[in-house]
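Here's the letter readout for the chains.
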Amino acid sequence: MSLSDWILVALGAGAGTYMLRAVPFVMAGRYEISGRGLKFLTYTSLAFFAGIVSKNLIMWKGEFDPLELGVKLTALVVALGLYSRYKSILLSLFTGVALAVAFKAISG
């Protein structure tokens, strides 16, 4: 697949999952989402992605790799620590990913 195909897949998946989460509010005639509803949408997406990420956290290319697991767990702990301190999903997400990429580059 080309880069443009991957971008279209990512955009489609993002729009599709958001629409599925927003349907209960739209069907109820609530076009303005309260703080509680916004938290619901946010945590639902995080739970959805946690299910996808959890398998990829342990397995790498179909098999268990202790080095890969160590890199991913370290990045995850740092990301969770940043989130608990600053309450910023973007900061914790990008820092965790950058840390994992840096560890992978160093370890080869």
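In this report, the structure presented in the accompanying data block is examined. Just so it is clear, the model here is predicted, and its values are computed rather than measured.

Conventions and cut-offs
- Residues numbered from 1 in each chain as written.
- Predicted model: local features only at pLDDT ≥ 70, side-chain atom pairs only at ≥ 80, totals over all residues.
- Heavy atoms only, no water.
- Helix = DSSP H or I, 4+ residues; strand = E, 2+ residues; numbered from the N terminus.
- Polar contact = N/O pair within 3.5 Å; in protein donor to acceptor, adjacent residues only side chain to side chain.
- Expected span 1.5 Å × (residues − 1).
- Buried < 20%, exposed > 50% of the residue type's maximum accessible area, 1.4 Å probe, protein only.
- Arc of directions from axis to C-beta.
- Contact = heavy atoms within 4.5 Å.
- Axes fitted to C-alpha atoms, helices over the stretch in contact; angles between N-to-C directions.
- Parallel < 35°, antiparallel > 145°, perpendicular 65-115°, else oblique.
- Left-handed = near helix turned anticlockwise from the far one by under 90°.
- Nonpolar A, V, L, I, M, F, W, Y, C, P; charged D, E, K, R; others polar.

The next point concerns the side chain of Glu68. Position of Glu68 relative to the elements: it lies in helix H3 (residues 66-86). Polar side-chain contacts of Glu68 include one of 2.7 Å to the side chain of Lys104.

Attention now moves to helix H4 (residues 89-107). In a regular helix each residue adds 1.5 Å, so 19 residues correspond to 27 Å; H4 covers 27 Å between its end C-alpha atoms and thus fits that length. All buried positions along H4 are accounted for by Ser92, Gly96 and Ala100. One face of H4 carries all of its buried residues, which in axial projection span an arc of 60 degrees. Of the exposed residues in H4, those oriented more than 90 degrees away from the buried face are Leu90, Phe94, Val101, Ala105 and Ile106. Each element contacted by the buried residues of H4 is listed here: H3.

Topologically, Tyr18 is positioned in helix H1 (residues 3-27). For the pair Tyr18 and Thr44, spaced 26 residues apart in sequence, the C-alpha to C-alpha distance is 9.6 Å.

Next up on the list: unusual backbone geometry. One non-glycine residue, Lys87, lies in positive phi territory at about 55 degrees. By the secondary structure assignment, Lys87 is in the loop between H3 and H4.

By the secondary structure assignment, Ser92 is in helix H4. In this structure the side chain of Ser92 is engaged in a polar contact, spanning 3.0 Å, whose partner is the backbone oxygen of Ile89. With residues up to four places along the chain from it excluded, the contact list for Ser92 reads Ala79, Leu82 and Tyr83.

What follows concerns the packing of H3 against H4. Where H3 meets H4, the closest approach of the two axes is 8 Å, and the angle between their N-to-C directions is 155 degrees. Comparing their axes, H4 and H3 come out roughly antiparallel. Taken as a pair, H3 and H4 cross one another with a handedness that is right-handed. Along the contact surface, H3 presents Leu67, Glu68, Val71, Thr74, Ala75, Val78, Ala79, Leu82, Tyr83 and Tyr86, while H4 presents Ile89, Leu91, Ser92, Thr95, Gly96, Leu99, Ala100, Phe103, Lys104 and Ser107. A breakdown of the residues in the contact of H3 with H4 according to their chemical character gives 13 nonpolar, five polar and two charged.

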